[in-house]
Amino acid sequence: MVRLNCSGVKFGSQLDEKHLFSWALEIPCVVRWEQDQLVVRSRRLSKSDLRDLVALLWRYNIPMQQLAQFRNSTNEGWFAAPGTYWHQRMFGQQPNLSSKRTRVPRAT
């Protein structure tokens, strides 16, 4: 089982809060809620389950870095693609090594 921390969510209304919990439980890989944690069956998720988790955490501004653990050789082509709307919030900004220059101090 994998636990995702969902604490600190700011809800707009009681119905908004209800929708987070009910939507999450509709995702097949989700087993249950335990207090402020979403319990997921395993680290091997279907594409649709992973996309739904991404959308859920994005919508409710839940820290997305914890979804990076679901990256694997099967899904990394789309899941970790730099052009996705979630990439920076999930994986952070990738340094562009080719554009970085190292300053070498001049000898005096």
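Refer to the structure printed above.
Quick summary incoming for the structure in this document.

1. Brief notes about the sheet that holds strand 3 (residues 37-40)
Strands sit in the order 1-3-2 across an open sheet of three strands; the sheet is antiparallel. Looking at which strands have only one partner, the edges of the open sheet turn out to be strand 1 (2-5) and strand 2 (30-34). This sheet shows a mean twist of 25 degrees between the axes of neighbouring strands, independent of strand direction.

2. A short note on the nonpolar core
Among the nonpolar cores identified, the biggest contains 29 residues, and Leu38, Leu53, Leu67, Phe70 and Phe79 are the most heavily contacted of them. At the level of elements, strand 1, helix 1 (14-26), strand 2, strand 3, helix 2 (47-59), helix 3 (76-79) and helix 4 (87-91) are the ones that each hand at least two residues to this core. The leading source of residues in this core is helix 2, at five residues. Residues within four places of Leu53 in sequence aside, it is in contact with Leu4, Ile27, Cys29, Val30, Leu38, Val40, Leu45 and Leu67.

3. A look at the packing of helix 1 against helix 2
Look at helix 1 against helix 2: their axes get within 10 Å of each other, and the N-to-C directions meet at 170 degrees. The angle between the axes of helix 1 and helix 2 places the two elements in the roughly antiparallel class. Every residue of helix 2 that contacts helix 1 at Leu20, Trp23 and Ala24 is listed here: Asp52, Ala55, Leu56 and Arg59. Residue composition of the contact of helix 1 with helix 2, by class: five nonpolar, no polar and two charged.

Each value, and the rule that gives it
- Along each chain, the written sequence defines residue order, and numbers are assigned to residues from 1.
- pLDDT decides what is reported in this predicted model: residues at 70 or higher carry local features, side-chain atom pairs at 80 or more are listed and counted, and totals for whole chains, interfaces and linings draw on all residues regardless.
- Each side-chain value is worked out from all heavy atoms of the structure, with water and hydrogens disregarded.
- Each pair of strands is called paired provided DSSP finds at least two bridges between the two strands.
- Helix and strand assignments follow DSSP, with helices taken as H or I runs no shorter than four residues and strands as E runs no shorter than two, numbered in order from the N terminus.
- Fitted lines through C-alpha atoms serve as axes, helices being fitted only where they are in contact, and the angles separating the N-to-C directions of these axes extend from 0 to 180 degrees.
- Remark: nonpolar core denotes a set of buried residues (Ala, Val, Leu, Ile, Met, Phe, Trp, Tyr, Cys) joined through side-chain atoms within 4.5 Å.
- Per-residue accessibility, obtained with a 1.4 Å probe over protein chains only, is compared with the maximum for each type, and a residue is labelled buried under 20%, exposed over 50%, and partly exposed between these values.
- Contacts: residue pairs with any heavy atoms within 4.5 Å of one another.
- Relative orientations are named as follows: roughly parallel for angles under 35 degrees, roughly antiparallel for angles over 145 degrees, roughly perpendicular for angles from 65 to 115 degrees, and oblique for any other angle.
- Under the scheme applied here, ten amino acids are nonpolar (Ala, Val, Leu, Ile, Met, Phe, Trp, Tyr, Cys and Pro), four are charged (Asp, Glu, Lys and Arg), and all others, including Gly, are polar.

Any functional reading would require information that these geometric values do not contain.
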